[in-house]
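Residue-level structural notes
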Amino acid sequence: MKNNFLEHIKSPKELRLLKQNELPKLAKELRNFIIDIVATKEGHLGASLGVVELTIALHYIFNTPKDQLIWDVGHQAYGHKILTGRKDIFDSNRQFGGISGFPKRDESIYDTFGVGHASTSISAALGMAIGSQLKGEDKHHIAVIGDASIASGMAFEGLNHAGVTDVNLLVVLNDNTIGIDPSVGALKQYLTNVKKGTQRQDNIFEALNFNYSGPIDGHDIDTLILELKRLKTVKGPKFLHVITTKGKGLKQAEENQVKYHAPGKFDAKTGNIIVKAETIKAPKYQDVFGHTIVELAKENKNIVGITPAMPTGSSLKYMMDEIPKRAFDVGIAEQHAVTLAAGMATQGLIPFCNIYSTFLQRAYDQIIHDVALQKLPVIFCLDRAGLVGEDGATHHGVFDLSYLRCIPNLIIFAPRNEIELRDIMYTAQFGLAKPIAIRYPRGKGVTIDWKQPFKKIKIGKGEQLKSGNKLAILSIGTIAQNVAEAIDLCNNKEDIAHYDMRFVKPLDETLLHTILKKHDSIVTVEDNTIKGGFGSAILEFVAFHQYKNTIKTLGIPDTFIEHGTVNELQQTVGLGAIGLKNYFEVL
Ligand SMILES: Cc1ncc(C[n+]2csc(CCOP(=O)(O)OP(=O)(O)O)c2C)c(N)n1
Ligand SMILES: CC(=O)[C@@H](O)[C@H](O)COP(=O)(O)O
Ligand SMILES: [Mg+2]
C-alpha cells in the first residue's frame with residue numbers, strides 16, 4: 001500500500017492539515033509502517049499497534065509540542081515518533097547509534113519526558129502543568145498511561161495529588177486489560193466492571209476529583225476526536241478512559257498479546273514469528289531460575305515466588321502455572337513486592353523475590369528499611385543485571401552492585417554460570433539468616449549441561465579459575481566468560497591468573513590476602529558501574545590493609561550507556577574479549 005498520507009507527514013503540522021475523514025486511512029498506513037519496521041528490526045510491537053488511533057487523535061487535536069504529551073513507559077510511542085519527524089530514521093529504532101525505543105528529551109522536542117520505567121507519566125505531567133500554571137502559560141498536559149501502569153503506587157500518588165489541584169491535566173487511561181502479562185489486582189476488576197457497566201459502583205477517578213469520561217472506543221477516531229475536543233474546553237484535572245486492543249491490526253498480535261509485546265523478528269505479511277536457528281544451546285538464565293524454583297519449591301513447602309509484573313520475562317511463570325498458590329504476580333509494584341517478601345519472611349516463608357535489576361531501583365528504601373535492617377532472609381533474584389541491550393539506558397542493570405554494597409546485612413552473589421545460579425538458589429533456601437541478592441544477566445549462558453545435582457555454595461568464598469604468576473584478574477559474575485576468552489587470546493597468557501570472587505559481600509578476605517601477596521598487578525572486571533561496585537570494594541580492601549599493589553578497575557564507565565546489542569555495548573565500554581585482551585597484554 002502506498003503511504004499517500006504518511007509520506008507527507010514530517011510533523012504534526014501536516015497531520016493537522018488532513019481532513020478528519022482521511023485519518024482512518026492514515027491510521028492504516030501508520031500501523032503497516034510500524035509492522036514493517038518492527039518485523040525486521042525488532043522491538044515492542046503490540047503496545048504501539050494498540051494506540052495508533054489515539055496517537056493520531058492526540059496530535060490532531062492538541063497543539064503539540066506546545067501542548068505537552070507524556071507517554072507512560074514509552075514502549076507504545078512508535079507512532080508518536082513516526083509522526084513527529086522520525087519516520088525516515090525509524091528503521092534505526094533501538095539499534096546501536098540509532099534512535100531510542102523510548103521517548104527521550106534529547107531526541108525530539110515532542111518527547112517531553114524521558115521514560116522507560118513505568119508509572120511516571122502522571123507525576124511528570126502534573127509537574128509540567130504546575131510549571132505552566134506558575135508561569136501563566138496556557139497549555140494542555142496529557143499523560144497517556146496503561147491499565148497495568150496505573151495500578152502502580154507512583155501513579156496513585158500522582159492522581160492523589162492532581163485531584164486537589166486545578167491545573168490543566170488530562171490523564172488518558174489506555175485500557176487494553178493487559179500489561180506484558182495479563183493485568184492483575186482489584187483495580188483491574190474495577191475497570192472491567194466499569195466497562196461492562198454491569199455493577200453500579202462509585203467511580204474511583206471521580207472520587208479523586210477528576211472529571212471522568214468514558215469508557216470510549218480507542219480505535220474509533222471520530223469518537224476520540226469528539227471527546228478530546230470537548231475535554232480541551234474543560235478546566236482542571238480530567239480523566240479519559242479509552243478501551244483499545246493490544247496488537248490491533250495484526251491478527252497474531254491480537255490473539256497472542258504476551259508473545260507479541262516484543263516478538264523479535266516476524267514475517268510482516270503473515271505475522272508469523274521467525275524462529276532463529278539456535279546457535280547457543282545453553283538455556284536462558286531466566287529458565288534456569290524458573291525451573292529451579294519449581295524444583296526446590298516442590299520439596300520445600302515454605303518457598304514462595306514473587307514478581308512485580310514480569311512473570312514471563314523472569315520465568316516465574318513456570319511456578320505460577322505449577323504451584324499457583326505460592327507464586328505471586330503483584331503488578332508493577334516493586335516497592336510492594338519487596339515489603340511483601342519481608343512480611344512473608346517474618347512468617348517463616350522463604351521468599352524468592354525476582355525483580356529486574358533496573359526496576360529494583362524503585363524499591364531501595366524497602367530493601368534497607370524493611371528487609372536488611374531486620375535481617376529478614378529474603379532471596380532477591382536480580383534479573384537483567386549488567387547491560388541488557390536494545391532497551392538501553394533506562395533498562396541496563398549496571399548500578400545494583402553499587403547501590404546494594406553499602407547496605408549492611410546483605411549478601412551479594414553473582415553466579416558465573418547457570419550451575420552456580422542453581423546452586424546458590426539451593427543454598428539460600430536452607431536459610432542464611434540474612435537477605436541475599438543474586439544478580440544474573442538477560443538471556444543465555446554457556447552451560448549446556450546445567451541441570452547438575454545440587455551442591456551447597458560456601459558463603460563468602462571465591463575461586464581461582466586459572467593460575468599465573470604476574471597479573472591477577474579478579475572478576476565477578478558472568479563477565480568471567482569474556483575474561484577467560486581474553487586471557488586465552490593474550491600472548492602472555494601463562495603469566496595471567498584469573499579469580500572469580502563470586503561474592504561482592506562478604507568479600508573472600510583470605511583469598512584476597514593471598515592474591516595481593518602473590519601478584520603485583522591486579523585488574524578487577526565487572527559489568528556494573530566502576531563507581532562503588534566490585535572494583536571499589538577491592539580498592540577499599542587494599543587501602544585498608546595498606547597494600548601497595550597496582551590496581552586497575554574495569555567496568556561500565558561513569559556515563560549512561562545507550563542501546564545496541566550486548567556485544568556492541570560491551571565492546572564500546574572495553575568489556576568485550578578483544579578489548580580486555582588488549583588491556584591485559586600491555587600490563
Ligand atoms: C517500574 C517498571 N516495572 C516494570 C516494567 C516492565 N514493563 C514495561 S511495559 C509493562 C506493562 C505495561 O502495561 P500497560 O501499562 O498496561 O501498557 P501496555 O503495554 O498494555 O500498553 C511492564 C510491566 C517497567 N517498564 N517499569
Ligand atoms: C518496556 C519494558 O520495560 C519491557 O517491555 C522491557 O523491554 C522488557 O525487557 P525484556 O525483554 O528484557 O524482558
Ligand atoms: Mg495495558
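As a convention, each chain's residues are numbered from 1 in the sequence order in which they are written. Just so you know, chain letters begin at A and ligand numbers begin at 1, following the order they were written in. Whole-chain, interface and lining totals are the exception, using all residues; otherwise, since this is a predicted model, local features are given only for residues with pLDDT of at least 70 and side-chain atom pairs are given and counted only at 80 or more. Derived side-chain values reflect all non-hydrogen atoms in the structure, with water molecules and hydrogen atoms excluded from consideration.

We count a stretch as a helix when DSSP gives it H or I for four or more residues in a row; a strand needs E for two or more, and each element gets its number in order from the N terminus. Counting secondary structure elements, the protein contains 24 helices and 17 strands. Here the protein has a C-alpha radius of gyration of 25 Å; the compact-globule value for 587 residues is 25 Å, and the two agree. Expressed as lengths along the three principal axes of its C-alpha atoms, the size of the protein is roughly 75 × 50 × 50 Å. When accessible area is computed with a 1.4 Å probe and restricted to protein chains, residues below 20% of their type maximum are described as buried, those above 50% as exposed, and intermediate ones as partly exposed. Here the protein holds 587 residues, and 59% of them are scored as buried. Any two residues having at least one pair of non-hydrogen atoms within 4.5 Å are treated as being in contact. Sequence separation of 24 or more characterises 76% of the internal contacts of the protein that already satisfy a separation of 6 or more. All accessible-area figures derive from a Shrake-Rupley calculation using a 1.4 Å probe, and residue coverage is judged against the displayed protein chains alone. Surface summary for the protein: the accessible area is close to 24,000 Å², and the carbon and sulfur share equals 53%. Within the protein, the 64 negative side-chain charges are centred at a point lying 1 Å from the centre of the 67 positive side-chain charges. Values of the radius of gyration come from C-alpha atoms, whereas the globule rule sets the reference at 2.2 Å times the count of residues to the power 0.38. Within this scheme the basic residues Lys and Arg register as positive and the acidic residues Asp and Glu register as negative, but His and the chain ends are omitted. One atom stands in for each charge, and that atom is NZ of Lys, CZ of Arg, CG of Asp or CD of Glu.

Right, let's get into the UniProt feature "domain: Transketolase-like pyrimidine-binding" (unreviewed entry) in the protein. In this structure's numbering, the residues bearing the UniProt feature "domain: Transketolase-like pyrimidine-binding" (unreviewed entry) are residues 283-448. In residues 283-448, helix accounts for 41% and strand for 16%; the two terminal C-alpha atoms are 7 Å from one another. UniProt positions are given in the numbering used here, feature names are shortened, and annotations may be inferred rather than shown by experiment.

The pairing criterion for strands is at least two bridges between them, as found by DSSP. What the five strands build is an open sheet, ordered 1-2-3-5-4; its pairing is parallel. Of all the strands in the sheet, just strand 1 (68-71) and strand 4 (211-217) have a single pairing partner and so form its edges. Strand-to-strand, the axes of this sheet are offset by a mean angle of 20°, without reference to chain direction. Across six bridges, the pairing between strand 3 (residues 169-175) and strand 5 (residues 238-243) is parallel. Bridging across to strand 5, V171 finds its partner in F239. Lines fitted to C-alpha atoms define the axes, with helix axes restricted to the stretch in contact, and inter-axis angles between N-to-C directions lie between 0 and 180 degrees.

Another point: the site of ligand 1. The cutoff for a nearby residue is simple: one of its non-hydrogen atoms must lie within 4 Å of the molecule or strand. Looking at ligand 1, there are 21 residues lining it, with H75, S149, I178, K246 and E334 nearest. We call two N or O atoms a polar contact when they sit within 3.5 Å, provided that within protein one can donate a hydrogen and the other can accept it, with sequence-adjacent residues counted only if both atoms are side-chain atoms. Contact between ligand 1 and A148: an oxygen atom at 2.9 Å from a main-chain N or O atom of the residue. The separation between a nitrogen atom of ligand 1 and a polar side-chain atom of E334 is 2.7 Å. Split into classes, the residues belonging to the shell around ligand 1 amount to ten nonpolar, seven polar and four charged. Two domains each put at least three residues into the shell around ligand 1: domain 1 (6-261) and domain 2 (285-439). Throughout, the ten residues Ala, Val, Leu, Ile, Met, Phe, Trp, Tyr, Cys and Pro are labelled nonpolar, Asp, Glu, Lys and Arg are labelled charged, and all others, Gly among them, are labelled polar. Note that domain bounds follow an automatic or database assignment of domains.

Here we take up the site of ligand 2. If you check the shell around ligand 2, you find 13 residues, and the closest are Y356, R384, D391, H395 and R442. The contact in question runs from an oxygen atom of ligand 2 to an N or O atom on the side chain of H44, over 2.9 Å. D391 has a polar side-chain atom sitting 2.5 Å from an oxygen atom of ligand 2. Its residues placed into classes, the shell around ligand 2 shows five nonpolar, five polar and three charged. Counting contributing residues, the shell around ligand 2 receives three or more from each of domain 1 (6-261) and domain 2 (285-439).

Before going further, it helps to spend a moment on the pairing of strand 6 (residues 303-307). Burial analysis of strand 6 places five of its five residues in the buried class, the great majority of the element. Covered by surrounding structure in strand 6 are I303, G305 and T307 together with V304 and I306, the residues of both alternating faces. Alignment of strand 6 against strand 8 (residues 350-356), held across four bridges, turns out to be parallel. Along strand 8, the bridge assignment pairs V304 with P351. Two strands pair when backbone bridges link them, and strand 6 and strand 7 (residues 327-329) are joined in this way by three bridges, in the parallel orientation. Bridge pairing in strand 7 links I306 to F328.

Turning our eyes to something else, we now look at helix 8 (residues 186-196). Among the residues of helix 8, L187, Y190, L191, N193 and V194 are the ones counted as buried. End-on view of helix 8: buried residues confined to an arc of 160°, all on one side of the axis. The exposed set on the far side of helix 8, more than 90 degrees from its buried face, consists of Q189 and K196. In this structure, the buried side of helix 8 is in contact with helix 7 (153-162), strand 3, helix 9 (204-207), strand 4 and strand 5. Of the residues one or two after helix 8, G197 is the one with positive phi, at around 65°. Think of the arc as the fan of directions from the helix axis to the C-beta atoms.

Time to look at the UniProt feature "binding site: thiamine diphosphate" (unreviewed entry) in the protein. In this numbering, the UniProt entry assigns the feature "binding site: thiamine diphosphate" (unreviewed entry) to H75, G116, H117, A118, A148, S149, N176 and E334. Within the element layout of this structure, H75 appears in the loop between strand 1 and helix 5 (78-86). Once you skip the residues sitting within four places of it in the chain, H75 turns out to touch H44, A47, S48, G101, F102 and H261. By secondary structure assignment, the location of N176 is in the loop between strand 3 and helix 8. Classification of N176 as buried rests on a relative accessible area of 9%.

Counted as donors are N, O and S atoms no farther than 2.8 Å from the metal, or 3.2 Å for Na, K and Ca; water is not among the atoms, and sites may therefore look incomplete. At the metal site, the magnesium ion (ligand 3) is ligated by D147 (OD), N176 (OD1) and I178 (O), and these contacts range over 2.0 to 2.2 Å. Taken in chain order, the donor set of the magnesium ion (ligand 3) reads D-x28-N-x1-I. Remark: N176 occurs in the loop between strand 3 and helix 8 and D147 occurs in the loop between strand 2 (141-146) and helix 7; sequence separation between them is 29 residues. The burial state of D147 is the same as that of N176; both residues are buried.

Moving on, we get to the pairing of strand 1. Alternating positions in strand 1 separate into two faces, Q68 and I70 on one and L69 and W71 on the other, with burial throughout. Bridge analysis of strand 1 against strand 2 gives four bridges, and the strand direction is parallel. Bridge pairing links W71 to V144 in strand 2.

Taken together, five strands build an open sheet; the order of strands is 12-14-13-16-17 and the sheet is mixed. Looking at the sheet topology across the chains shown, the edges are occupied by strand 12 (463-466) and strand 17 (550-556). With direction set aside, neighbouring strand axes in the sheet form an average angle of 25°. Here strand 13 (residues 471-475) runs beside strand 14 (residues 496-500); their pairing, made up of five bridges, is parallel. Its bridge partner being in strand 14, L471 is matched across the sheet by I496. Docked against the sheet, helix 21 (residues 509-518) engages strand 12, strand 13, strand 14, strand 16 (521-529) and strand 17, running at close to 155° with respect to strand 13.

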